[in-house]
Amino acid sequence: AELCQRLQGMVSELEENFQNSVVLPRQVYRMLRHQLREAVDLELMFLTSATTRQVPMPLSERRCEDLKWWFEVHEARIQRLTDIYRPL
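Residues numbered from 1 in each chain as written. Predicted model: local features only at pLDDT ≥ 70, side-chain atom pairs only at ≥ 80, totals over all residues. Heavy atoms only, no water.

A. Layout of the pattern of salt bridges. Under the counting rule described, the total for this entry stands at 2 salt bridges. Here arginine 33 ties to glutamate 43 by a salt bridge, and the two come within 3.4 Å at their closest N and O atoms. With arginine 33 in helix α2 (residues 26-36) and glutamate 43 in helix α3 (residues 40-49), this pair connects stretches of sequence that are 10 residues apart. As a salt-bridge pair, arginine 86 and aspartate 83 come within 3.5 Å of each other at their nearest N and O atoms. (Salt bridge = Lys/Arg side-chain N within 4 Å of Asp/Glu carboxyl O. Helix = DSSP H or I, 4+ residues; strand = E, 2+ residues; numbered from the N terminus.)

Okay, here's the thing in structure tokens:
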């Protein structure tokens, strides 16, 4: 119940923070920035008015399968991080 309440609070905060926002995948953002380099005035306007944030997203089953090798290689590191963040 407590975890559910914390999650609902976090989701509400995210929704509030992202009102009137455009969310772009990292690759799309990089492509946009690359194209803006050709128009310096537009790039400057974009950079002064944009706020960037990284938003963690859950992995799909397919992506997890693609990364299985990485999870296996870094299993000890992942376990340490899990132990650190579990109490939070």
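B. Structural context of the packing of aromatic side chains. In this structure the tally under the stated criterion is 2 aromatic pairs. On the numbers, 6.1 Å between centres and 40 degrees between planes, the contact of tyrosine 29 with phenylalanine 46 is tilted. You can see tyrosine 29 sitting in helix α2 and its partner phenylalanine 46 sitting in helix α3, a full 17 residues away along the chain. Relative to phenylalanine 71, the ring of tryptophan 70 has its centre 5.8 Å away and its plane inclined at 80 degrees; by these criteria the two rings are edge-to-face. (Phe/Tyr/Trp six-rings, centres within 6.5 Å; stacked < 30°, edge-to-face > 60°.)

C. Looking closely at the layout of surface pockets. The space that makes up the largest pocket amounts to roughly 980 Å³. The wall of the largest pocket is formed by 24 residues, among which Leu24, Pro25, Arg26, Arg53 and Gln54 lie closest to the centre. Ranked by residue count, the leading element in the lining of the largest pocket is α2, at 4 residues. Among the residues making up the lining of the largest pocket, the classes are represented as 13 nonpolar, 7 polar and 4 charged. Its volume calculated, the second largest pocket comes out at about 250 Å³. (1 Å grid on protein atoms, 1.4 Å probe; cavity = no way out; pocket = protein on both sides within 12 Å on 5 of 7 lines; lining within 4 Å. Points joined across faces, edges and corners; volume = space filled by probe spheres on them. Nonpolar A, V, L, I, M, F, W, Y, C, P; charged D, E, K, R; others polar.)

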